[in-house]
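Structural characterization, general
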Amino acid sequence: MEYFILLIVFLCYIGLVVGSFPVIRLNRASIVFLVSSIIILTGFINLDDAIKSIDFKIIIFLFGVMVVNSLIYFSGFFHWVSFKMFSNRKIFLLIKIVFISAILSALFLNDTIAFVFTPVIIKICRDLKIDPKPYLISFMMSINIGSMATITGNPQNIIVATKGNISYLEFLSALFLPTIISLFFLIVLVILFYPDLLSNQILQEEKKLDLFNEKNNRIIHKPLFIKSFFIILLVLILLILGIEPALVMLIASSLVFFTRRIKSSKILSMVDFELLIIFSGLFVITEAIKDIISPFIELLYSKLGLLISTFILSQFISNVPAVLILLTKIKNHYDLFILSSSSTLAGNFTLLSSIANLIVLNFCQKFNIRIGFWEHFKIGSLITVISLIVIYLFLP
């Protein structure tokens, strides 16, 4: 029975990486649901244990983040930020894209930022008649790096912070400096591979009006914009004060729904319920296999071993499953930061290493932009190795 369970779990992880099983038309959520159902129906674990394995604090926190992000999206806040991202010099545009996207991904989930800002960056580059590829590659990597800094940056951070009882400030203080250093290295690497970005050419000033004219500014919904600002401020204050993250997002999401300005169905339309299904199923799957793989994890345990094994496992089965598996064997509090950061940075290694990368690639296909595997890998592999070294040196 154990070998059968390992086989279907292995197939599940392949499905998560690839994104679907085209023959039977399963997507990521249905793959995880089906495998976790088989585990329960075969009696490998019973239904009660499966339900107990699901960490509903994490599910509530993730749901709340998506609800708040939905309000922010409809308020026009992201469009306002898009205006601030513009620059008429290539190097300044690169720097703005890297740091603005990194900050936003730390606050609002990297997948959300990938979805919202990829078409914006493509439009900026096309209207200015410049090659979008160096900016899109930088964008992919900066949202992964930036998301490393906070517990709201990505799903694996949410898991680690909740399971490890890590406060927002403790998480930020541990990973802020490595994040900034990694972003600077990213800019240097991109410039080395695309030296034309240092050109003194001033891009046509009037293009700014084509991109962001006064009519476009009307998409900002002032009451929702103000409400979004105060909810973000409230969330940050409560998290800094050490209030339990799930409770904070429960309060925030309740405030979002308490409005007559926007229908709740519109807010919920932006919530990724498939992601919540994936998380719930992965909790069940991890509960089923943790004892089977435990002896193998023990062999890899050390600071360097944890960093390398997290990186490798994230490449093969994706970062969230890797974190859920390795989290069961964490003994040192500071190793939680190694686990979260290395699983996040692993997303920069190849084009297929993170969901955020795939979201950007999907938009590129729609706009007939081709980013080759090696074009990404020559920068992605280097920044991943450099960032992991930074993490190893700066974390105790």
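Residues numbered from 1 in each chain as written. Predicted model: local features only at pLDDT ≥ 70, side-chain atom pairs only at ≥ 80, totals over all residues. Heavy atoms only, no water.

Scanning the protein chain from terminus to terminus reveals 21 helices and two strands. The C-alpha radius of gyration computed for the protein chain amounts to 21 Å, which stays within 12% of the reference 21 Å derived for 396 residues, consistent with globular compactness. Considering only residue pairs separated by 6 or more positions, the protein chain has 81% of its internal contacts joining residues 24 or more positions apart. For the protein chain, the exposed surface amounts to about 18100 Å²; the carbon and sulfur share of it is 67%. Distance from the positive charge centre (30 side chains) to the negative charge centre (21 side chains) of the protein chain: 10 Å. (Helix = DSSP H or I, 4+ residues; strand = E, 2+ residues; numbered from the N terminus. Rg over C-alpha atoms; globule rule 2.2 N^0.38 Å. Contact = heavy atoms within 4.5 Å. Areas by Shrake-Rupley, 256 points an atom, 1.4 Å probe, with all protein chains shown as cover. Lys, Arg positive; Asp, Glu negative; His and termini not counted. Charge placed at Lys NZ, Arg CZ, Asp CG, Glu CD.)

Enumeration according to the criterion identifies 14 aromatic pairs in this entry. Residues phenylalanine 77 and phenylalanine 225 carry aromatic rings whose centres are separated by 6.0 Å and whose planes lie at 40° to one another, so their mutual orientation is tilted. Within this pair, whereas phenylalanine 77 is found in helix 5 (residues 77-85), its partner phenylalanine 225 is found in helix 13 (residues 222-240), the two being separated by 148 residues in sequence. Phenylalanine 77 sits in the buried class, given a relative accessible area of 17%. Look at phenylalanine 225 and you get partly exposed, because its relative accessible area is 23%. A ring pair is formed by tyrosine 334 and phenylalanine 337, whose centres lie 6.3 Å apart and whose planes are at 45°; its orientation type is tilted. The exposure class of phenylalanine 337 is buried, given its relative accessible area of 1%. Here a set of aromatic residues connected by ring pairs shows up, and it is made of Phe311, Phe349, Phe373, Trp374 and Phe377. Here the guanidinium or amino end of lysine 303 rests over the ring plane of tyrosine 392, the centre of that ring lying 4.6 Å away. A cation sits over an aromatic face here: lysine 366 above phenylalanine 363, 5.2 Å from the ring centre. (Phe/Tyr/Trp six-rings, centres within 6.5 Å; stacked < 30°, edge-to-face > 60°. Buried < 20%, exposed > 50% of the residue type's maximum accessible area, 1.4 Å probe, protein only. Lys NZ or Arg CZ within 6 Å of the ring centre and 35° of its normal.)

Count 3.6 residues to each turn of an α-helix, and residues three or four apart come out pointing the same way. With 22 residues, helix 21 (residues 373-394) extends 30 Å from end C-alpha to end C-alpha; this agrees with the ideal 32 Å at 1.5 Å per step. Those residues of helix 21 that fall on the buried side of the exposure criterion are Glu375, His376, Phe377, Ile379, Gly380, Ser381, Ile383, Thr384, Ser387, Leu388, Val390 and Ile391. Buried-residue contacts for helix 21 involve helix 8 (133-147), helix 10 (168-193), helix 17 (303-317), helix 19 (335-345) and helix 20 (355-366). (Expected span 1.5 Å × (residues − 1).)

Phi angles above zero are rare outside glycine, and leucine 109 is one such case at about 80°. Using a relative accessible area of 5% as the deciding quantity, one classes leucine 109 as buried. Here the phi dihedral of asparagine 165 falls at roughly 50°; this positive angle occurs in a residue that is not glycine. Relative to the helices and strands, asparagine 165 resides in the loop between helix 9 (155-164) and helix 10.

Take the side chain of serine 75 next. Within the fold, serine 75 resides in helix 4 (residues 56-75). Assessed through its relative accessible area of 0%, serine 75 is described here as buried. Only 2.7 Å separates the side chain of serine 75 from the backbone oxygen of isoleucine 72, close enough to count as a polar contact. (Polar contact = N/O pair within 3.5 Å; in protein donor to acceptor, adjacent residues only side chain to side chain.)

Note that asparagine 348 resides in the loop between helix 19 and helix 20. Reaching out from asparagine 348, the side chain makes a polar contact with the backbone oxygen of methionine 141 at a distance of 3.5 Å. Not counting residues within four places of it along the chain, the set of residues in contact with asparagine 348 comprises Met140, Met141, Asn144, Ile145, His376, Gly380, Ser381, Ile383 and Thr384.

With that settled, consider the packing of helix 17 against helix 21. Remark: helix 17 packs on helix 21, axes separated minimally by 11 Å, with the N-to-C direction vectors making an angle of 150°. One finds that helix 17 runs roughly antiparallel with respect to helix 21. For the pair helix 17 and helix 21, the crossing hand works out as right-handed. In contact with Lys303, Leu304, Leu307 and Phe311 of helix 17, helix 21 contributes Thr384, Leu388, Ile391 and Tyr392. (Axes fitted to C-alpha atoms, helices over the stretch in contact; angles between N-to-C directions. Parallel < 35°, antiparallel > 145°, perpendicular 65-115°, else oblique. Left-handed = near helix turned anticlockwise from the far one by under 90°.)

Attention now moves to the packing of helix 8 against helix 20. Between helix 8 and helix 20, the shortest axis-to-axis distance is 9 Å and the interhelical angle comes to 155°. By the criterion of interaxial angle, the relationship of helix 8 to helix 20 is roughly antiparallel. For the crossing formed where helix 8 meets helix 20, the hand is right-handed. Every residue of helix 20 that contacts helix 8 at Leu136, Phe139, Met140, Ile143 and Asn144 is listed here: Ala356, Asn357, Val360, Leu361 and Cys364. Grouping the amino acids of the contact of helix 8 with helix 20 by side-chain chemistry returns eight nonpolar, two polar and no charged. (Nonpolar A, V, L, I, M, F, W, Y, C, P; charged D, E, K, R; others polar.)

Bringing the layout of surface pockets into the picture now. Here the largest pocket is characterised by a volume of approximately 1000 Å³. What lines the largest pocket is a set of 38 residues, and nearest its centre among them are Asp111, Asp272, Leu275, Ile355 and Ile359. The element best represented in the lining of the largest pocket is helix 20, accounting for seven residues. A per-class count over the lining of the largest pocket returns 20 nonpolar, 13 polar and five charged. (1 Å grid on protein atoms, 1.4 Å probe; cavity = no way out; pocket = protein on both sides within 12 Å on 5 of 7 lines; lining within 4 Å. Points joined across faces, edges and corners; volume = space filled by probe spheres on them.)

Looking now at the confidence of the model for the protein chain. Overall, the prediction assigns the protein chain a mean pLDDT of 85, with 92% of residues at 70 or greater. Note that pLDDT drops below 50 for residues 206-217; the model gives that stretch 15 contacts with residues more than four away or on any other chain. (pLDDT = per-residue confidence, 0-100.)

This brings us to the pattern of salt bridges. Within the structure shown, the criterion is met by four salt bridges. In this structure, lysine 57 engages glutamate 244 in a salt bridge whose closest nitrogen and oxygen atoms are separated by 2.8 Å. Here glutamate 244 lies in the loop between helix 13 and helix 14 (245-257) and lysine 57 lies in helix 4, a separation of 187 residues in the sequence. Judged by relative accessible area, lysine 57 falls into the partly exposed class, the value being 44%. One salt bridge in this structure joins lysine 90 and aspartate 196, with 2.5 Å as the shortest N-O distance. (Salt bridge = Lys/Arg side-chain N within 4 Å of Asp/Glu carboxyl O.)

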